[in-house]
Amino acid sequence: MKKVVTIIFILTSILSNGQTLEDYFEIAAGNNPGLLSQYKDFEAALQKVPQVKALPDPNLSFGYFISPVETRVGPQKARFSLTQMFPWFGTLKAQGDAAALMAEAKYQSFLDARNKLYYEVSAAYFPLYELKEWVRIEEDNIAILESYKTVSNTKFKNGLGSLVDVLRVDVLLKEARTNLGILKHKEIPLLASFNKLLDRKEDEQINIPEAFGVNVLPIDYTKDSLVVDHPLLNSLELKVKAAEASERAALKQGLPKVGIGLDYVMVDERTDMVVPDNGKDVLMPMLTLSLPLFRGKYRAAEKEAQLMQESYSLQKKEITNTLKTNYEMAVFDIRQQTDLISLFDEQIMESEQALNLLFTAYGNSGKDFEEVLRMQQQLLKYTKLKISALTQYEIALAKFNYITAKK
């Protein structure tokens with residue numbers, strides 16, 4: 001039975017003229033040097049196919065007789081030889097299959113690199129959202145604390161409060177303003193990290209979502225499905241098949257090669273006598289057969305291909321196990337952040353209620369202002385933690401999509 005993983009799917013609303021995360025994926029895919037390098041590697045591997053499928057170049061030789069060799073029809077002046085060697089039947093096809101399969105394996109590696117880049121872009125994108133929200137929350141906190149300072153100062157002047165209350169607000173205001181400054185400075189390295197993935201200027205600004213809407217959405221996916229169509233596993237499976245083709249090619253390379261040639265000999269006429277075909281040039285077809293007597297290199301090539309098959313198979317098993325483990329961790333992270341978001345929502349709601357009650361009591365009595373400030377800071381903490389949980393959830397979901405090779 002399939003295991004249904006319930007997650008929170010976050011809908012991001014972007015300004016109509018802004019770029020979405022998917023737009024940044026496309027920019028990264030078109031600009032990232034590492035990904036483009038992977039694709040060039042695949043294109044280069046494709047060029048290997050016609051090389052290994054081609055026949056060896058024919059040999060053309062020319063010889064000139066410094067001392068003419070006398071024959072019945074006259075002295076030989078020069079000789080032309082043209083020879084074409086042909087490998088054993090099926091050798092070129094096996095070599096071509098091996099090269100084509102390795103090229104396809106490199107394409108699958110490129111797909112995995114693209115998916116990994118999408119994850120890295122997401123992992124660099126959402127901290128910028130977190131930072132933007134933290135800045136907004138800290139600015140709101142400063143505005144609230146300033147209003148509290150006004151109220152506490154008024155009560156102190158009217159003899160309904162103490163100077164300590166005013167000083168407490170000042171301490172928190174200084175801390176909040178320092179935190180806000182640090183947060184604003186943090187944007188520089190985060191932007192640089194994000195834009196590096198897109199191969200853009202480090203300080204180029206990006207569009208950040210204004211708000212998240214939360215919906216519950218089931219994802220129907222099982223660990224067993226990982227092995228069906230994952231680029232990493234596909235790449236290794238293709239490498240196994242390429243090694244099998246290489247083994248066939250090595251076996252056939254150990255068989256004789258056949259050569260077909262033609263010799264043309266230029267002959268001068270004899271002047272000392274008249275003979276039939278006097279001075280007639282000679283045309284001689286030739287057949288060549290290689291003798292692969294030294295078997296060591298062929299056996300070594302076959303053994304190499306067999307060992308590579310075993311190596312790729314073991315790598316595939318190892319990656320399969322790793323993917324399944326990472327899958328479980330990604331599902332746990334998604335569930336954990338989902339639970340935390342729900343918890344922080346409840347804590348924010350209850351803290352707001354408590355804060356309203358405490359502030360009303362303080363307005364009436366001028367007492368327990370310390371509790372008002374404490375609850376305000378607690379509300380600030382829970383609000384920030386919720387934003388962090390939303391950020392970590394999105395990063396965990398991006399990692400889940402990478403592990404499962406989902407776009």
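A brief report on the enclosed structure follows. (Residues numbered from 1 in each chain as written. Predicted model: local features only at pLDDT ≥ 70, side-chain atom pairs only at ≥ 80, totals over all residues. Heavy atoms only, no water.)

Comments concerning the overall build of the protein
- From N to C terminus, the protein includes eight helices and six strands.
- Shown N-terminal to C-terminal, the secondary structure of the protein runs as helices and strands in the order β-α-α-α-β-β-α-α-β-α-β-β-α-α.
- Taking the principal axes of its C-alpha atoms as reference, the protein extends roughly 145 × 50 × 35 Å.
- In the protein, which comprises 407 residues, the proportion classed as buried is 38%.
- Counted over contacts in the protein with a minimum sequence separation of 6, partners at least 24 positions apart contribute 83%.
- Total accessible area computed for the protein in this model is approximately 23400 Å², and 58% of it derives from carbon and sulfur atoms.
- For the protein, the separation between the mean place of its 49 positive charges and that of its 53 negative charges on side chains is 4 Å. (Helix = DSSP H or I, 4+ residues; strand = E, 2+ residues; numbered from the N terminus. Buried < 20%, exposed > 50% of the residue type's maximum accessible area, 1.4 Å probe, protein only. Contact = heavy atoms within 4.5 Å. Areas by Shrake-Rupley, 256 points an atom, 1.4 Å probe, with all protein chains shown as cover. Lys, Arg positive; Asp, Glu negative; His and termini not counted. Charge placed at Lys NZ, Arg CZ, Asp CG, Glu CD.)

Topic: the packing of aromatic side chains
- In total, this model carries 16 aromatic pairs according to the counting rule given.
- Measuring from ring centre to ring centre gives 6.0 Å for Y24 and Y125, while their planes differ by 45 degrees; the resulting arrangement is tilted. With Y24 in helix α1 (residues 21-31) and Y125 in helix α4 (residues 91-157), the pair connects residues that are 101 residues apart, well separated along the chain.
- For Y125, a relative accessible area of 2% gives the class buried.
- With a centroid separation of 5.3 Å and 90 degrees between ring planes, the pair formed by Y24 and F194 is classed as edge-to-face. Of this pair, Y24 sits in helix α1 while F194 sits in helix α5 (residues 163-197), and the two are 170 residues apart along the sequence.
- Of the aromatic side chains, those joined through ring pairs into one cluster are Y24, Y125, F126 and F194.
- The ring of W134 has K384 lying over it, and the distance from NZ or CZ to the ring centre is 5.0 Å. (Phe/Tyr/Trp six-rings, centres within 6.5 Å; stacked < 30°, edge-to-face > 60°. Lys NZ or Arg CZ within 6 Å of the ring centre and 35° of its normal.)

Notes on unusual backbone geometry
- Its identity is not glycine, yet D199 carries a phi of approximately 55 degrees, on the positive side.
- As for its position among the elements, D199 is in the loop between α5 and β4 (211-220).
- In this structure D199 comes out as partly exposed when scored by relative accessible area, which is 47%.

What to know about the environment of E310
- In this structure, E310 sits in helix α7 (residues 296-365).
- Given the relative accessible area of 47%, E310 is considered partly exposed.
- The sequence separation of E310 and G261 amounts to 49 residues, and the corresponding C-alpha distance is 42 Å.

Things to note about the pattern of salt bridges
- Under the defined criterion, the tally for this structure stands at 17 salt bridges.
- Here E146 and R177 are joined by a salt bridge, their closest N and O atoms 2.8 Å apart. Of the two residues, E146 is situated in helix α4 and R177 in helix α5; the sequence distance between them amounts to 31 residues.
- The partly exposed category is assigned to E146, whose relative accessible area is 36%.
- On the basis of relative accessible area, R177 is assigned to the partly exposed category, the value being 43%.
- Across the salt bridge formed by R168 and D165, the nearest N and O atoms sit 3.2 Å from each other. A residue pair is termed a helical-turn pair when its members lie 3 or 4 positions apart in one helix, as R168 and D165 do in helix α5 at three residues.
- By relative accessible area, which is 30% here, R168 ends up partly exposed.
- Here the residues in one salt-bridge network are E133, R136 and D140, joined through shared partners. (Salt bridge = Lys/Arg side-chain N within 4 Å of Asp/Glu carboxyl O.)

So, the sheet that holds strand β2 (residues 59-71)
- Strand order in the open sheet made by the four strands is β2-β3-β5-β6, with antiparallel pairing throughout. Both outer strands of the open sheet, β2 and β6 (282-289), are each paired with one neighbouring strand and no more. Averaged over all pairs of adjacent strands, the angle between strand axes in this sheet comes to 20 degrees, irrespective of strand direction.
- As paired strands, strand β5 (residues 258-267) and β6 are joined by eight bridges and run antiparallel to one another. When the bridges of β6 are listed, L262 appears paired with P285. (Pairing = 2+ DSSP bridges. Axes fitted to C-alpha atoms, helices over the stretch in contact; angles between N-to-C directions.)

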